[in-house]
Amino acid sequence: MKMWKNLDIENRYKFGFDYLALIIFAVIMIPNIFWTLVPAKNDYLRIESITPVVDLIGSIFQVIFIAALCFINPKKKSKNGTLLIASWCCIIFYLIVWIFYYIGIGNKISMTLALSVAPCVAFLLYEFCVKNYFAILPTIVFTTCHIIFAVVNFII
């Protein structure tokens, strides 16, 4: 319990709801939902994963970081405009890459890495933007799993 006391969590964070975090999550998930419902012409992403344990760990930490991002908020709210813009730039880039994927533009390696890294960087930038350091560690674990999944399943 001393660790929690040293982190001063009760004085730095509160339970609340961050609508912008939910909007960011929803915008990032829209292409994934679309992909689930409408296969692309050359749909090389639709494979059976050979990293089920990594996928499970990634999914667990995805739920944890989204919950931390949406429901655990810093008491001292201040947004860094530059980081917020950078986060949205990553999201726009991510959406453009999805469009290119459906059109069939781009190579498999760059597309797969872009689709894996861009949303994770967007989340991390937003977490730093709103100073939600509580969400950063689970996001880093998720990001690591997401990249391992992409590299092992599509690149190696």
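Higher on the page you've got the structure.
Heads up: these notes are all about the structure in this document.

The next point concerns a nonpolar patch on the surface. Side chains of Phe 15, Phe 17, Tyr 19, Leu 22, Ile 23 and Phe 71 sit close together on the surface and give an oily, nonpolar patch of about 680 Å² of accessible area. Element by element, the count of residues in the nonpolar patch is highest for helix H3 (residues 19-37), at 3 residues. Judged by its relative accessible area of 42%, Phe 71 is partly exposed.

All right, on to the pattern of salt bridges then. Under the definition given, this model contains 1 salt bridge. Note that Arg 46 and Asp 43 form a salt bridge whose closest N and O atoms lie 2.7 Å from each other.

We now examine unusual backbone geometry. Excluding glycine, residues mostly carry a negative phi; peptide bonds, for their part, are mostly trans. One non-glycine residue, Lys 131, adopts positive backbone phi at about 60°. Looking at the secondary structure, you find Lys 131 in the loop between helix H6 (108-129) and helix H7 (136-155). Judged by relative accessible area, Lys 131 falls into the partly exposed class, the value being 36%.

In this section: the environment of Val 63. Position of Val 63 relative to the elements: it lies in helix H4 (residues 52-71). Accessibility expressed as a relative area gives 59% for Val 63, which makes it exposed. Through-space distance from the C-alpha of Val 63 to that of Thr 139 is 9.6 Å; in sequence the pair is 76 residues apart.

Taken as a whole, the largest pocket encloses approximately 680 Å³ of empty space. In terms of lining residues, the largest pocket is bounded by 27 residues, among which Asn 32, Trp 35, Phe 142, His 146 and Phe 149 are the most central. Residue assignment for the lining of the largest pocket shows that the elements contributing at least two residues are H3, H4, helix H5 (81-103), H6 and H7. Residue composition of the lining of the largest pocket, by class: 18 nonpolar, 8 polar and 1 charged.

Turning next to the state of the cysteines. Taken as a whole, this structure holds 0 disulfides when the rule is applied. Free of any disulfide, Cys 70 has its nearest cysteine sulfur in Cys 129, 14 Å distant. Cys 89 forms no disulfide, and the closest cysteine sulfur to it belongs to Cys 90, at a distance of 7.2 Å. Given the relative accessible area of 46%, Cys 89 is considered partly exposed.

Here we take up the packing of aromatic side chains. Within this structure, the stated rule accounts for 13 aromatic pairs. Where Trp 98 meets Tyr 102, the ring centres are 6.3 Å apart and the plane angle is 40°; that geometry is what we call tilted. Residue Trp 98 and its partner Tyr 102 are located together in helix H5, separated by 4 residues, close to a single helical turn. Relative to Phe 154, the ring of Phe 149 lies with its centre 5.6 Å away and its plane at 80°, an arrangement referred to as edge-to-face. Through a chain of ring-to-ring contacts, three or more aromatic side chains come together here, namely Phe 34, Tyr 44, Tyr 94, Trp 98, Tyr 101 and Tyr 102. Taking the ring centre of Trp 35 as reference, the NZ or CZ of Arg 46 above it sits at 4.2 Å.

Right, let's get into H5. With 23 residues, H5 extends 33 Å from end C-alpha to end C-alpha; this agrees with the ideal 33 Å at 1.5 Å per step. Listed as buried for H5 are Leu 84, Ser 87, Cys 90, Ile 91, Tyr 94, Val 97, Trp 98 and Tyr 101. Elements that come into contact with the buried residues of H5 comprise H3 and H6. With a side-chain oxygen positioned 3.0 Å from the backbone nitrogen of Thr 82, the residue opening H5 is Asn 80. Two residues or fewer past H5, Gly 104 is found with a positive phi of approximately 95°.

What counts, and at which threshold
Residues numbered from 1 in each chain as written. Predicted model: local features only at pLDDT ≥ 70, side-chain atom pairs only at ≥ 80, totals over all residues. Heavy atoms only, no water. Patch = residues over 30% accessible without salt bridge, like charges linked within 9 Å, V, L, I, M, F, W, Y side chains within 5 Å. Areas by Shrake-Rupley, 256 points an atom, 1.4 Å probe, with all protein chains shown as cover. Salt bridge = Lys/Arg side-chain N within 4 Å of Asp/Glu carboxyl O. Helix = DSSP H or I, 4+ residues; strand = E, 2+ residues; numbered from the N terminus. Buried < 20%, exposed > 50% of the residue type's maximum accessible area, 1.4 Å probe, protein only. 1 Å grid on protein atoms, 1.4 Å probe; cavity = no way out; pocket = protein on both sides within 12 Å on 5 of 7 lines; lining within 4 Å. Points joined across faces, edges and corners; volume = space filled by probe spheres on them. Nonpolar A, V, L, I, M, F, W, Y, C, P; charged D, E, K, R; others polar. Disulfide = S-S within 2.5 Å. Phe/Tyr/Trp six-rings, centres within 6.5 Å; stacked < 30°, edge-to-face > 60°. Lys NZ or Arg CZ within 6 Å of the ring centre and 35° of its normal. Expected span 1.5 Å × (residues − 1). Contact = heavy atoms within 4.5 Å. Polar contact = N/O pair within 3.5 Å; in protein donor to acceptor, adjacent residues only side chain to side chain.

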